[in-house]
Amino acid sequence: GVFLIENLKSDPVSAEIDVSPLFGPAGEQVELALRFSPERIALEPGDQVLVQVAAPADTALEPGGRYRAEISVPGVSGGRVPIVVRRRVDGEEG
């Protein structure tokens, strides 16, 4: 997935992306190493950047299950970005 981060503050921001724990369909916490590009955000006031997030295909995830987390960047206003990670069911199209 891709999301936009914008610095609406009057000061520069430089921070790594934070991810909340990932929770599965039954509320269980799941360990999954999400990858971000870029890994670190550095924005001047008014600047924006598109951030790509990817999750590895992990057989520990239940096919078709929805695993939820939130992404944030410390120092950037605008709250959190909710995400859902889902392992496709065999034969399912994108």
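Remember, predicted model here, so these are calculated numbers, not experimental data. (Residues numbered from 1 in each chain as written. Predicted model: local features only at pLDDT ≥ 70, side-chain atom pairs only at ≥ 80, totals over all residues. Heavy atoms only, no water.)

(A) Here's a closer look at the overall build of the protein chain. Of regular secondary structure, the protein chain possesses zero helices and ten strands. Expressed as lengths along the three principal axes of its C-alpha atoms, the size of the protein chain is roughly 45 × 25 × 15 Å. Per-residue burial for the protein chain yields a buried fraction of 28% across its 94 residues. Both charge centroids of the protein chain, one from 9 positive and one from 15 negative side chains, sit 4 Å from each other. (Helix = DSSP H or I, 4+ residues; strand = E, 2+ residues; numbered from the N terminus. Buried < 20%, exposed > 50% of the residue type's maximum accessible area, 1.4 Å probe, protein only. Lys, Arg positive; Asp, Glu negative; His and termini not counted. Charge placed at Lys NZ, Arg CZ, Asp CG, Glu CD.)

(B) Expanded view of the sheet that holds strand S8 (residues 48-54). One open sheet accounts for three strands, arranged S1-S8-S6; its pairing is antiparallel. Edge strands, defined here as strands with exactly one partner in the open sheet, are strand S1 (2-6) and strand S6 (35-37). This sheet shows a mean twist of 30 degrees between the axes of neighbouring strands, independent of strand direction. (Pairing = 2+ DSSP bridges. Axes fitted to C-alpha atoms, helices over the stretch in contact; angles between N-to-C directions.)

(C) The arrangement of unusual backbone geometry in detail. Between Ser 37 and Pro 38 the backbone carries a cis peptide bond, its omega angle lying at 0 degrees. With respect to the helices, strands and loops of the structure, Pro 38 is situated in the loop between S6 and strand S7 (40-43).

(D) Seen up close, the environment of Glu 44. Mapped onto the fold, Glu 44 is located in the loop between S7 and S8. In the structure, Glu 44 is positioned 32 residues away from Pro 12 in sequence and 4.3 Å away in space, judged by C-alpha atoms. Residues contacting Glu 44, with those up to four places away along its chain left out, are Asn 7 and Pro 12. (Contact = heavy atoms within 4.5 Å.)

(E) Structural view of a nonpolar patch on the surface. Together, Val 2, Leu 4 and Leu 50 line one region of the surface with nonpolar side chains, adding up to about 300 Å² of accessible area. Mapped onto the secondary structure, Leu 4 falls in strand S1. (Patch = residues over 30% accessible without salt bridge, like charges linked within 9 Å, V, L, I, M, F, W, Y side chains within 5 Å. Areas by Shrake-Rupley, 256 points an atom, 1.4 Å probe, with all protein chains shown as cover. Salt bridge = Lys/Arg side-chain N within 4 Å of Asp/Glu carboxyl O.)

(F) Representation of the side chain of Ser 72 in the model. Secondary-structure assignment places Ser 72 in strand S9 (residues 66-72). If sequence neighbours within four positions are ignored, Ser 72 has contacts with Ile 17, Asp 18, Gly 79 and Arg 80.

(G) Focus on the pattern of salt bridges. Per the stated rule, a full pass over the model turns up two salt bridges. Taking the shortest distance from any N to any O, the salt bridge between Glu 16 and Arg 40 comes out at 3.9 Å. Residue Glu 16 is found in strand S2 (residues 13-16), and its partner Arg 40 is found in strand S7; the two are separated by 24 residues along the sequence. Note that Glu 70 and Arg 80 form a salt bridge whose closest N and O atoms lie 3.7 Å from each other. Linking Glu 70 in strand S9 with Arg 80 in the loop between S9 and strand S10 (81-86), this pair joins segments that are ten residues apart in sequence. Glu 70 sits in the partly exposed class, given a relative accessible area of 34%. On the basis of relative accessibility, which here comes to 48%, the residue Arg 80 falls in the partly exposed class.

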